[in-house]
Amino acid sequence: MLRDAVEDSGVEVNPVAMWAREHEAAAEPRWRTVDRALRAIKQRRAALDADEARWLREAEVLQIWRPLGMVSALDYLERVLGYAPRSAQDRLRVARALGDLPELTTALASGELPFSAVRELTRVATPATETAWVAAATGKNLRQIEELVADHRPGDHPTDPPDPEARTYVVRFELSAPTFALLRQVRTVLNDEHGTNLADDAFIATLCHRVLDGAQEAEPTGRAKFQIAVTVCERCRQGWQEGAGARIAIQPAAVERAMCDAQHIGSIDGTEPERAYQDIPPSVARLVWRRDGGRCRVPGCRSSRGLELHHLVHRADGGTHEASNLALICSACHQSHHDGVLTISGTTDRIEVRRPGNAPRGAAPVVAPDVTSGASADAHVGVGSELDAEILRTQAKVALTGLGWKPAIADAAVAAAAAAQENGGSLEQLIFEALRRCRTPKT
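Residues numbered from 1 in each chain as written. Predicted model: local features only at pLDDT ≥ 70, side-chain atom pairs only at ≥ 80, totals over all residues. Heavy atoms only, no water.

1. Some details on the overall build of the chain
If you tally the helices and strands in the chain, you get 17 helices and eleven strands. Per-residue burial over the chain gives 33% buried out of 443 residues. Here the analysis covers contacts within the chain between residues at least 6 apart in sequence; of these, 55% occur between residues at least 24 apart. When the accessible surface of the chain is totalled, it reaches about 27,100 Å², and 55% of it is carbon and sulfur. (Helix = DSSP H or I, 4+ residues; strand = E, 2+ residues; numbered from the N terminus. Buried < 20%, exposed > 50% of the residue type's maximum accessible area, 1.4 Å probe, protein only. Contact = heavy atoms within 4.5 Å. Areas by Shrake-Rupley, 256 points an atom, 1.4 Å probe, with all protein chains shown as cover.)

Following this line, the structure appears as structure tokens:
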């Protein structure tokens, strides 16, 4: 029976006389026969994965999904090849990358590296570095390869110093239908509160802050939001933060954000605790909370939870801890500022916000309402309209790229459609107008 199973699996068996085969089977332990069969299956699977990648690149060139009535390569992979959405994205990404990585392709086709290992290596390997990555990954299991890749960017060598900013964590939950519905509802509420579609990282961070903040206090105490015990490398200024027993490397932007409103507990290496102190006096913190109305001062963001104190003039630039240099903003906007996505400046009477990645050159900054003078937010209706229009444009670009258009084509089409709609319009209208302007790729 075992011999029949091996033969059915396709494992090559030399044609020998029946008596010789029976003698060999009797001499070889059964576990060795099973091991040999499984290894052969693994090698054939790797060869098929490499072959599939080659044909997927050809499929993209020919756009074979169009004559089949499908909208994109991902649609084809899901409908015809039976891949789940995430697996389809991985397969297509790896296939594209292997087109420029012959050594990784050979390692996959020969069974030297499985698809799961190649999937990770294509995140960082380039034609100039793939030899080093193949050598570094040989003999390692998938978990070791994931750790090897996690702290590097495309073009890095395996021996380059790790960059914690390059690391992301994939978290998977299995939810019941009611819980999944609750999660979608919460995300909608938070998106409406912040005036934009929160990225996964910002969404989870906001949820965590809501829990850690606890119930909203009737009166602000002025106590610093962060207690910091950070180990910092004297050479590279890398910081590590403790999180539920785990020591997690954090990027400089996260350290700078925490230092805006921190309670310092001193060194944790000594035998006696040091006296704790905070940079911003509690009385100043209470004043800023009252002055700013307990809400985020960034235009378009209406969050009243997860609030933090921000220095309008950074401490490194000579900024002080006085109330005139402090503003109340939510944790998502605060982190975006330190990440370089938002530029928050000005004075407490006139806060200026720029979004370098979205604002056109020469455009005037968005100015926050003067909460100290009781000015009505209705005087700044243009700010909300401009933000809503930008959100619609972003959503339209995502829709077009999801339909298979390249990001550059989608960007140009949405920009042209938005310019044509002088009086605005719905998201559906914007997508329809953008589709009319999408350049049809050559087959």
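2. Focus on the nonpolar core
Judged by nonpolar contacts, the single largest core of 33 residues is most densely connected at Leu-98, Leu-104, Leu-108, Leu-113, Val-118, Leu-121 and Trp-133. Breaking this core down by element, the ones donating at least two residues are helix H3 (30–62), helix H4 (73–79), helix H5 (85–98), helix H6 (102–109), helix H7 (115–121), helix H8 (130–137) and helix H9 (142–150). The greatest single-element share of this core, amounting to six residues, is contributed by H5. When neighbours within four sequence positions are excluded, Trp-133 is seen to be in contact with Leu-121, Val-124, Ala-125, Leu-148, Val-149, His-152, Asp-156, His-157 and Pro-158. Counting 22 residues, the second largest nonpolar core, distinct from the first, contains Ala-285, Val-298, Ala-327 and Ile-329. (Core = buried A, V, L, I, M, F, W, Y, C linked by side-chain atoms within 4.5 Å.)

3. Comments concerning the packing of H3 against H6
Between H3 and H6, the shortest axis-to-axis distance is 7 Å and the interhelical angle comes to 140°. Residues Ala-46, Ala-47, Asp-49 and Ala-50 of H3 pack against Thr-105, Leu-108 and Ala-109 of H6. Here the contact of H3 with H6 is built from residues that sort into five nonpolar, one polar and one charged. (Axes fitted to C-alpha atoms, helices over the stretch in contact; angles between N-to-C directions. Nonpolar A, V, L, I, M, F, W, Y, C, P; charged D, E, K, R; others polar.)

4. Remarks on the packing of aromatic side chains
Under the counting rule described, the total for this entry stands at zero aromatic pairs. Seen from the ring of Phe-115, Arg-91 lies directly overhead, with NZ or CZ sitting 3.8 Å from the centre. (Phe/Tyr/Trp six-rings, centres within 6.5 Å; stacked < 30°, edge-to-face > 60°. Lys NZ or Arg CZ within 6 Å of the ring centre and 35° of its normal.)

5. Some details on the packing of helix H16 (residues 407–420) against helix H17 (residues 427–437)
Here H16 crosses H17 at 120°, and the two axes come no closer than 8 Å. With respect to their mutual orientation, H16 and H17 come out oblique. Where H16 crosses over H17, the handedness of that crossing is right-handed. Seen from H16, the contacting residues are Ala-413, Val-414, Ala-416, Ala-417, Ala-418 and Ala-420; seen from H17, they are Leu-430, Glu-433, Ala-434 and Arg-437. (Parallel < 35°, antiparallel > 145°, perpendicular 65-115°, else oblique. Left-handed = near helix turned anticlockwise from the far one by under 90°.)

6. What to know about the pattern of salt bridges
All told, the structure shown has 14 salt bridges when counted by the stated rule. Of the charged contacts, one joins Arg-123 and Glu-120 as a salt bridge, the two residues approaching to 3.2 Å between their closest N and O atoms. Relative accessible area serves as the criterion here: at 37%, Arg-123 is assigned to the partly exposed category. Three or more residues joined by partner-sharing salt bridges are found here, namely Asp-49, Glu-52 and Arg-91. (Salt bridge = Lys/Arg side-chain N within 4 Å of Asp/Glu carboxyl O.)

7. Some words on H3
With 33 residues, H3 ought to run about 48 Å at 1.5 Å a step, and its terminal C-alpha atoms sit 48 Å apart, in line with that. Along H3, the positions that sit buried rather than exposed are Thr-33, Ala-37, Ala-46, Asp-49, Ala-50, Glu-52, Ala-53, Leu-56 and Ala-59. Of the residues flanking the end of H3, it is Gln-63, one or two places downstream, whose phi is positive at about 50°. (Expected span 1.5 Å × (residues − 1).)

8. What to know about the pairing of strand S10 (residues 351–354)
Alternating residues of S10 divide into Ile-351 and Val-353, all buried, and Glu-352 and Arg-354, none buried. As defined by bridge partners, strand S9 (residues 343–346) adjoins S10 across four bridges and the pair is classed as antiparallel. Following the sheet pairing, Ser-345 is matched in S10 by Glu-352. Counting the residues between successive antiparallel strands, the hairpin from S9 to S10 contains four residues. (Pairing = 2+ DSSP bridges.)

9. Remarks on the confidence of the model for the chain
Taken residue by residue, the chain gives an average pLDDT of 75. The fraction at 70 or more is 71%. With pLDDT under 50 throughout, residues 15–20 is counted as low confidence; its partners more than four residues away or in other chains account for two contacts. Note that pLDDT drops below 50 for residues 371–384; the model gives that stretch twelve contacts with residues more than four away or on any other chain. (pLDDT = per-residue confidence, 0-100.)

10. Describing the side chain of His-152
Position of His-152 among the secondary structure elements: in the loop between H9 and helix H10 (177–194). With a relative accessible area of 9%, His-152 lands in the buried category. When residues no more than four places from it in sequence are discounted, the contact partners of His-152 are Val-124, Trp-133, His-157, Pro-158, Asp-160, Pro-161 and Ala-166.

11. Considering the pairing of strand S7 (residues 307–311)
By the criterion of burial, S7 is predominantly enclosed, with five of the five residues buried. Side chains of S7 alternate between two faces, with Leu-307, Leu-309 and His-311 and Glu-308 and His-310 buried alike. Bridge analysis of S7 against strand S8 (residues 326–330) gives five bridges, and the strand direction is antiparallel. Bridge pairing in S8 links His-311 to Leu-326.

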